[in-house]
Amino acid sequence: MPKATANGIEIHYEEHGDPNAQPMLLIMGFGAQLTLWPDELVEALAAHGFRVIRYDNRDIGLSHKFDGVKAPGLVKLTLLSKIGLTPKVPYTLADMADDGAGLLDALGIAKAHIVGASMGGMIAQHFAARHADKCLSLTSIFSTTGNPKLPPAKPEAMKALVTRPKSTEEKVLVDHGVMLARTIGSPGYPAEEERLRERTAASVRRSFYPEGPTRHLSAIVADGDRRPMLKGISVPTLVLHGEDDPLVPCEGGRDTAASIPGAKLKTIPGWGHDLPLELVDELAATIAEHAKESAA
């Protein structure tokens, strides 16, 4: 299992496709391991001619854990943010973007296409703003801008996201993961039950670390409104979003595209906050086309 020292910490990563092809870095979201990128999507992107690299963010999966580092509670974070104060958090989304840049450095990669999903889209936005010289293109998937005026997540989606499992028994963890996936998933493309349970069980067995998401959430809340930063992004940008996303409503994607000069937007009916098998070919083709046009 390959690991690299990046930005002063150890990052676990995987590579797929031709090692001589143009690199594409995939950044996953809140509390999610690299395995949440479906193998089918990774393989499809590699088949389009890219060297696909996915990695575990800090504090999740097999990457470095910040054991014992306390993050402010959600109530305190929200209150401070509402009155315009930036809470002190263990690390920021900008730090996490620097992890990705450091991974590229460790792999000897000068430039890559950057693709981020959900919180990974926020991290990718920071990457494009902070490391434009390393960024061939940006794709932001079901992410948002931090604009406080945007519609919030549906209550049931947010509750499912932040509720902890009742115990650490594998069956309980798997049931909880399936419940979350169903709650935030695509109403138009419901996941097949057996596959969903198998993937969730594999994720639990690979790593279960509930403290990491607490610090991830503090980084998201503390990040605030990214629109001023997004206006300065000059990297060719594609925004993808589901029209039926209950966790990050589609308005977040529209606001992202409106905030980044020249950004392209594609929305898909029936798509929620997941990466359904039925959409793999369409998503891979759209991401690959954008990347190839950007590098031409």
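Everything discussed here concerns the structure shown above.
Cut-offs applied
- Residues numbered from 1 in each chain as written.
- Predicted model: local features only at pLDDT ≥ 70, side-chain atom pairs only at ≥ 80, totals over all residues.
- Heavy atoms only, no water.
- Helix = DSSP H or I, 4+ residues; strand = E, 2+ residues; numbered from the N terminus.
- Buried < 20%, exposed > 50% of the residue type's maximum accessible area, 1.4 Å probe, protein only.
- Phe/Tyr/Trp six-rings, centres within 6.5 Å; stacked < 30°, edge-to-face > 60°.
- Lys NZ or Arg CZ within 6 Å of the ring centre and 35° of its normal.
- Contact = heavy atoms within 4.5 Å.
- Salt bridge = Lys/Arg side-chain N within 4 Å of Asp/Glu carboxyl O.

So what's going on with unusual backbone geometry? Residues and values would help.
Within the chain, Ser118 stands out as a residue other than glycine whose phi angle is a positive 60°. Counting through the fold element by element, Ser118 comes out in the loop between β5 (112–117) and α4 (119–130). Look at Ser118 and you get buried, because its relative accessible area is 12%. One non-glycine residue with positive phi stands out, namely Phe142, at about 30°. Looking at where Phe142 falls in the secondary structure, it is placed in the loop between β6 (135–141) and α5 (155–162). A relative accessible area of 4% means that Phe142 is categorised as buried.

Could you give me a rundown of the packing of aromatic side chains, with the residues and numbers involved?
Applying the stated criterion to the full structure yields 2 aromatic pairs. Relative to Tyr91, the ring of Phe66 has its centre 5.1 Å away and its plane inclined at 50°; by these criteria the two rings are tilted. Pair noted here: Phe66 is in the loop between β4 (50–55) and α2 (74–82) and Tyr91 is in the loop between α2 and α3 (93–106), with a separation of 25 residues, a long-range link. Under the relative-accessibility criterion, Tyr91 is labelled buried at 1%. Between the aromatic rings of Phe142 and Trp271, the centroid separation amounts to 5.7 Å while the plane-to-plane angle is 65°, which identifies the pairing as edge-to-face. Residue Phe142 is located in the loop between β6 and α5, and its partner Trp271 is located in the loop between β8 (264–268) and α11 (280–295); the two are separated by 129 residues in the primary sequence. On the basis of relative accessible area, Trp271 is assigned to the buried category, the value being 0%. Just above the ring of Tyr91 sits the side chain of Arg58; from NZ or CZ to the centre is 4.9 Å.

Requested: an account of the environment of His131, with residues and values cited.
On the secondary structure map, His131 appears in the loop between α4 and β6. Spatially, the C-alpha atom of His131 lies 9.5 Å from that of Lys111, the residues being 20 residues apart in sequence. Excluding anything up to four places from it in sequence, His131 contacts Ala97, Asp98, Ala101 and His126.

Account for the pattern of salt bridges, naming residues and giving values.
Charged atoms that come close allow side chains of opposite charge to pair. This model, assessed by the stated rule, comprises 20 salt bridges. Here Arg54 and Glu14 are joined by a salt bridge, their closest N and O atoms 3.0 Å apart. With a gap of 40 residues between them, Arg54 in strand β4 and Glu14 in strand β2 (residues 9–16) connect regions that are remote in the sequence. Under the relative-accessibility criterion, Arg54 is labelled buried at 3%.

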